[in-house]
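# Observations on chain architecture
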Amino acid sequence: MAIKAATPVIPANQVPKLNYLTNGYTLKSWLLTTDHKRIAILYLISVSAFFFLGGFFAMLIRLELLTPEGDLMQADTYNKVFTMHGIVMVFFFLIPVVPAILGNFVLPLMVGAKDLAFPRINLLSWYLYIAAGVLFLHCMLSGGVDTGWTFYTPYSTAASNTNVIEAGLAIFIAGFSSIFTGLNFIVTVHRMRAPGLTWSRLPLFIWSTYATSLVMILGTPVIAITMVLVVAERLLHLGIFDPNLGGDPVLFQHLFWFYSHPAVYIMILPSMGVISEIVPCFARKRVFGYKFVALSSVAIAVFGFLVWAHHLFVAGISLYAALIFSFLSFVVAVPSAIKVFNWTATLYKGSITYATPMLYAFGFIGLFTIGGLTGIMLATIGVDVHVTDTYFVIAHFHYVMVGGVLMGYLGGLHFWWPKITGRMYPEGWAKLSALFVFVGFNLTFFPQFILGYLGMPRRYWQYPPEFQVLNVLSTAGASILAVGYLLPMIYLLWSLRYGPLAGDNPWGAAGLEWKTASPPPTFNFDETPVVTWEAYNYDEIPEPKELEAPVAR
Amino acid sequence: MTADHEAHNPALLHHFADAQQQKNAASLGMWLFLVTEIMFFGGMFCAYLIYRLAYFNAFAAGSQQLNIWMGGINTAVLIVSSVTVVLAVKAAEAGKRKLLTGYLVVTVLLGMTFLVIKGFEYAEKFEKHHVPGSTFNFTEKFDDNGKQIDVNPKEAELFFSLYFVMTGMHALHMVIGCGLFSTLAVLAWKGHFTANYFTPIENGGLYWHLVDIIWIYLFPLLYLISRHT
Amino acid sequence: MASQVDAVYIYLLLVSGAMTALIFIAVAVLSIKYRRQPGREAVQIEGSTILEVSWSIIPFFVMVTFFIWGAVIFFKERTPPADATEVYVVAKQWMWKVEHMEGQREINELHVPTGQDIKLIMTSQDVIHSFFIPAFRLKQDVLPGRYTTLWFKATKPGHYHLFCAEYCGTMHSGMGGDIVVMEPQDYALWAAGGASAPLQETGMELFAAFGCSTCHRSDAQGRGPNLQGLYNSRVPLEDGRTVTADDNYVRESILDPTAKIVKGYMPVMPTFQGIVSDDQLNALVAYVKSLSQPPTGTAGLQNEPVASPAQPQNVQVQ
């Protein structure tokens, strides 16, 4: 890194005084920032807040389900609780978590740019997210919504007497936050790569985030218009989805899932990108099959748009439509499988260490495999007829969302924490939390596969007594899982003040983001880097030394 | 273009390497946004197509009740406005401030003309009780080459629901377009754009063209089902 | 059928389990065997196209076997035998109403004999529900505004859970019931205790009471098509299409007569939407279907409905 003549040489293990965090301390400098790194922090705070809100609702659900009777809360309340758990977790946590936090922070650094293409639109994205969040909070506080996060008609348009309109509008606004983020990423990757950074030299996190962004901009407008139609129907009694007025309730399902299936790829692809960064770093070698992993992201994005009606196998679609969508659902599994095989193969003849990010990556590979394979079971229509709308589906999607997306996020958060904050987190506590998460997660959700196959339907406030034992196991697991999520809150915050200083590249990782200070200066690089090397050039990067003792400045 | 010149170009944002990169980025961004708009309207077009296939007679009857003169004039108005947009971009390219402002203002006026005519159309719908909801009352028939065919009023109501949602959403985009172009006109008058920098005019023009194209699809689909002279 | 679903499920479990074990073991073994050791460096390996192709193609072919087996089962589930006994089901928030053809009515219970193909013809009065019998491994969403069907043949007597599996509001989890499977002789005893008239007879009375017989006569002079032999026949329409007169067609013709005008007829039939309830609709559909069956000779359904343009007697019009 070239150094300007006027500034003194800064040793690698000292935090530069002027970085993006210290560049202005006023509230205004944060709330009106256009710095992608600060916006990422704003998202980090708000998305985490929603995560714990969604987690609180989850806790209420699991507590109610300890007993077969509905004895903790009324049925209507329970219906609202699971609805709001779903809406908060899907729209306010899972969709933005990796792109808006890690993507926002890391993407411009990784491509060697000073910022995203449209910094002000980036800030607008965050404000849209907040506006949607505030509107949804208001919806929750003024009675909530009880339609399920899937808003099926005609229940949501004609029968529910809860705040469907506010919820629908909140999702509409959150959708635009997502669209603008995706738009920003695509333009940045196309137009602002550093000189020498060709597509085949791009880190796989960029490939994944790029593919995610394609899905965001193509899919999200459809949920936007669908929610507009639901709101319009509810307000004006239109009849687009109401059979009493000539409409078709299944049309809603098609329109809803046309977005909501690709949405799950919006959630998982960035996390897969994170794993593609972590595994090479802690195995000290290039990802096996870089080209295949890169293209598999694009394949997942494309095929992800072709499978939506596998959510409608028993909804009343024709036999032949069901067969086509079943077949396509198998096809979309292939690129995901390719990634899993390639990550595993990367371990072969590597030089592997077990830092926390790597532990989360291992967890991801195992749990995503289970989640993905149970998805294959659901694609098999003969099985789906039995297990759809049961706890089997709930277990499946929690395996891929929590075992996949969330583990990838936590891995990435720990991996890039030194870059974001300039500090290292305490490794012992981090490993312990990862263990709590892994054990707690499996105990929570594995029993639900069995519950589902035995026949316990989803969204049930009360259930027949024979299902109790498995439910109790699941709730026990959830309490362990909760600890696993609370611990990082504590030790990460602790590390901001007491963690050892990290230096530019504590992991010895490849990638342009590691070639600038930790935390980076506001404009990322003192000089625009010129890339003359391939991605993941771990043969050229020395193993990281042990961290030196921090030197106060 | 020298580095000095670019450094002094007030429109160059600091995170871009040069003006060309900024222009390319802005252009790509606007095209991507247009794609999202197409997907957005696409949902409604999808619903429309499905119901039209299912309830053709009712849709035809409803369509025949729309005011084809107002719709036709509006189509012409929008096409002319797209021409003025193109001319505005050319004027910007040539650095002609007053001409540019003039074309932008005319575009806004044409857009407002569209909205006014639309307002009259909607008013006519109210008078004929063709607005979905409690006041809806549809007794007209589908004129199939002289043969009068009864239709289910519920299906006709569905046609009008889609009509209002689709044209309403389009009109909302027109309002935004008029606001956008008014802003551009003010900025143009103040000399904000030069022959070297008129990206907002180009991108605003792209937006206007898209809204125009959406109408070009809406008009035949809604107004011209089974029309005969 | 349930055992076939279990069979494919076990097959899937075995293959998935094997794949999961493979990955878990591979990750564990590789991450330990190749842990960082002084003096050994990682070997940079670009990739292997052969491996990539193999581990794409082979799993894909394995998945094709899942697809085929699942599709075969699904095809059977969706193809009810032609002579299945029909039972009408009406779902509403938050209960199941069952109407047997012989007239027995049940709430939240469905009695069936073993060894008999049963076809459920289901609709909802309000929102979407789903008829789920875990023991039979079967489920079908029940929609407002149209019929969906589900068929099965029970083999073992017993009581089996019936659940609603599509969220439908407050008491979604309370909308359960019992499928009561009985030996044929026990079922006959139970059925004999049923009160109301067979569904077709109720339908015939409604057909007269609502004035249908005025236009739908069994000679060629009615303003509406003759309904004899209509069910399951191919019907040419005014707009050029030809459709099959299935359950949904008959139902739609009552609720939305102008949707499909039969060729050669005028669109003069009024709609009965809002006039006839779902239960009455089921009875009418059952009656129309009976006009395609050869006369039974025993209970003797008349082929000529008695035209009674006067006031309906014991019919509730809602």
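The model shown is predicted, which means the values in this text are computed figures rather than measured ones. (Residues numbered from 1 in each chain as written. Chains lettered and ligands numbered in written order. Predicted model: local features only at pLDDT ≥ 70, side-chain atom pairs only at ≥ 80, totals over all residues. Heavy atoms only, no water.)

Every contact between the two is made by 92 residues of chain A and, on the other side, 74 residues of chain C. Summed over both sides, the interface between chain A and chain C buries roughly 7100 Å², with carbon and sulfur atoms accounting for 67% of that surface. Looking at the side of chain A facing chain C, the largest losses of area belong to A:F288, A:F341 and A:Y453, adding up to 9% of the total buried there. If you look at where chain A meets chain C, you find 29 residue pairs in polar contact (both at pLDDT 80 or more). Those elements giving two or more residues to the side of chain A that touches chain C turn out to be α3 (75-111), α5 (155-159), α8 (249-283), α9 (290-303), α10 (319-347), α11 (356-379), α12 (381-387) and α14 (427-454) of chain A. (Contact = heavy atoms within 4.5 Å. Buried area = accessible area lost by both parts, 1.4 Å probe. Polar contact = N/O pair within 3.5 Å; in protein donor to acceptor, adjacent residues only side chain to side chain. Helix = DSSP H or I, 4+ residues; strand = E, 2+ residues; numbered from the N terminus.)

Turning to the pattern of salt bridges, a few remarks are in order. All names here are of chain C. The tally for this structure, following the rule as stated, stands at 19 salt bridges over all chains. Salt-bridge contacts for E86 lead to K289; the nearest nitrogen and oxygen are separated by 2.7 Å. Of the two residues, E86 sits in strand β1 (residues 85-92) while K289 sits in helix α7 (residues 278-290), which places them 203 residues apart along the sequence. Grouping residues by exposure puts E86 and K289 together as buried. Here D247 ties to K289 by a salt bridge, and the two come within 2.7 Å at their closest N and O atoms. In this pair, D247 sits in helix α6 (residues 247-255) while K289 sits in helix α7, placing the two residues 42 residues apart along the sequence. (Salt bridge = Lys/Arg side-chain N within 4 Å of Asp/Glu carboxyl O. Buried < 20%, exposed > 50% of the residue type's maximum accessible area, 1.4 Å probe, protein only.)

Here the focus is the sheet that holds strand β10 (residues 177-182) of chain C. Residues and elements named next belong to chain C. The strand order β4-β10-β9-β6-β7 describes an open sheet built from five strands, whose pairing is mixed. Each having just a single partner strand, β4 (109-113) and β7 (138-142) make up the two edges of the open sheet. Along the sheet, successive strands turn relative to each other by an average axial angle of 20 degrees, direction set aside. Summarising the sheet, strand β6 (residues 129-133) and β7 pair through five bridges and their orientation is antiparallel. Looking at the pairing, S130 lines up with D141 of β7. Packing against the sheet, helix α3 (residues 184-192) makes contact with β4 and β10, and its axis sits at approximately 130 degrees to β4. (Pairing = 2+ DSSP bridges. Axes fitted to C-alpha atoms, helices over the stretch in contact; angles between N-to-C directions.)

Residues with a pLDDT of 70 or more make up 91% of chain C, whose mean pLDDT is 87. In the model, residues 297-318 of chain C has pLDDT below 50 throughout and makes 29 contacts with residues more than four positions away in sequence or in other chains. (pLDDT = per-residue confidence, 0-100.)

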